[in-house]
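Chain by chain, the residues:
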Amino acid sequence: LCGVHVLGHSGCMHEIDNIAESKTSNFRIFGECKTAEIKTNDVFVLAGKMADIGCSRAYIFTIAKDVQKEIVHLARSRNISIVTGVLEHSVHDLVKEIRED
């Protein structure tokens, strides 16, 4: 699903850029796309959406080539991976990186 609004347990609607889910395997993955520098707030907002909607894994995709290591560690602690330089990778490479993660 792309660009959807999802009702959280709190009663708030959240916009999610990408959702991939499997009801048979009982998992849901969120993807957020960013064209600007990733900031701490981006990680906290996504982690909040994950908790409110019910998602244990997420990715932030960015065109930036570098992200501060503190932000990467914060994201990792919330089960969020940051994929940088997405415009420079082929779709095959991006899929491979997600599967290995």
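Located above this text is the structure these notes cover.
Within any chain, residue numbers begin from 1 and follow the written order of that chain's sequence. Local features in this predicted model are restricted to residues whose pLDDT is 70 or higher, and side-chain atom pairs enter the listing and the counts only when it is 80 or higher, whereas totals over whole chains, interfaces and linings include all residues. For the side-chain quantities, the full set of heavy atoms in the structure was used; hydrogens and water were omitted.

Student: Go over the layout of surface pockets with me, naming the residues and quoting the values.
Tutor: Cavity: a set of points on a 1 Å grid over the protein atoms alone where a 1.4 Å probe fits but cannot get out. Pocket: an open set with protein on both sides within 12 Å along at least five of seven lines, its lining residues, like those of a cavity, having an atom within 4 Å of a point. Grid points are joined across faces, edges and corners, and a volume is the space filled by probe spheres set on the points. Size it by volume and the largest pocket reaches roughly 160 Å³. Around the largest pocket sit Phe61, Val86, Val91, Leu94, Val95, Ile98 and Arg99, which together line it. Of the residues forming the lining of the largest pocket, the biggest block, five residues, is contributed by helix α3 (residues 91–100). Just so you know the grouping, Ala, Val, Leu, Ile, Met, Phe, Trp, Tyr, Cys and Pro go in nonpolar, Asp, Glu, Lys and Arg go in charged, and all remaining residues, Gly too, go in polar. The residue inventory of the lining of the largest pocket, partitioned by class, reads six nonpolar, no polar and one charged. Secondary structure elements follow DSSP: runs of H or I of four or more residues count as helices, runs of E of two or more count as strands, with numbering from the N terminus.

Student: Account for the sheet that holds strand β4 (residues 57–62), naming residues and giving values.
Tutor: Reading across the sheet, the five strands line up as β1-β2-β3-β4-β5 and stay open at both edges, with mixed pairing between neighbours. Each edge of the open sheet carries a strand with a single partner, namely β1 (2–7) and β5 (80–83). Neighbour-to-neighbour, the strand axes of the sheet open up by a mean angle of 40 degrees, direction not taken into account. Following DSSP output, two strands are said to pair if at least two bridges run between them. Two strands pair when backbone bridges link them, and strand β3 (residues 27–34) and β4 are joined in this way by six bridges, in the parallel orientation. Residue pairing for β4: Glu32 is matched across the bridge by Ile60. Structural elements are reduced to axes, namely lines fitted to C-alpha atoms, with helices fitted over the stretch in contact, and the angle between N-to-C directions of any two is expressed from 0 to 180 degrees.

Student: Now, about the environment of Asp66: what can you tell me, with residues and values included?
Tutor: Structurally, Asp66 is set in the loop between β4 and α2 (69–77). The spacing of Asp66 and Thr84 is 18 residues in sequence and 6.7 Å in space, taken between C-alpha atoms.

Student: Summarise unusual backbone geometry; cite the residues concerned and give the values.
Tutor: Of note in the backbone geometry, Asn26 takes a positive phi value of approximately 55 degrees without being a glycine. Along the chain, Asn26 turns up in the loop between β2 (13–22) and β3. Relative accessibility under 20% of the residue-type maximum defines a buried residue, over 50% an exposed one, and the middle range a partly exposed one, all with a 1.4 Å probe and only protein chains included. Since its relative accessible area comes to 69%, Asn26 is described here as exposed. Not every positive phi belongs to a glycine, and Asn79 is a case in point at roughly 65 degrees. Assignment of secondary structure puts Asn79 in the loop between α2 and β5.

Student: I'd love a proper account of the pattern of salt bridges, names of residues and values included.
Tutor: Basic side-chain nitrogens of Lys or Arg form a salt bridge, by our definition, when they fall within 4 Å of a carboxyl oxygen of Asp or Glu. The full count for this structure, using the stated rule, is three salt bridges. Note that Glu21 is salt-bridged to Arg28, the shortest N-O span being 3.0 Å. Judged by relative accessible area, Glu21 falls into the partly exposed class, the value being 37%. On the basis of relative accessibility, which here comes to 28%, the residue Arg28 falls in the partly exposed class.

Student: Go over the packing of aromatic side chains with me, naming the residues and quoting the values.
Tutor: When the centres of two rings from Phe, Tyr and Trp lie within 6.5 Å, Trp using its six-membered ring, the rings pair. Their planes under 30 degrees apart give stacked, over 60 give edge-to-face, and anything left gives tilted. The full count for this structure, using the stated rule, is one aromatic pair. Across the ring face of Tyr59, the terminal group of Arg57 is positioned such that the distance to the ring centre comes to 4.9 Å. Cation placement over rings: the criterion is NZ of Lys or CZ of Arg within 6 Å of the ring centroid and within 35° of the ring normal.

Student: I'd like to hear about the nonpolar core, residue by residue, with values.
Tutor: Core analysis: the biggest nonpolar cluster contains 20 residues, and Phe30 and Ile80 have the highest contact counts within it. For this core, the secondary structure elements donating two or more residues are β1, β2, α1 (40–53), β4, α2 and β5. When residues in this core are grouped by element, the largest group, five residues, is from α1. Should any heavy atoms of two residues lie within 4.5 Å, those residues are considered in contact. Excluding residues that lie within four positions of it along the chain, Phe30 makes contacts with Ile16, Asn18, Ile19, Leu46, Lys49, Met50, Ile53, Cys55, Arg57, Ala58 and Tyr59. Buried Ala, Val, Leu, Ile, Met, Phe, Trp, Tyr and Cys residues that are joined via side-chain atoms within 4.5 Å together make up what is termed a nonpolar core.

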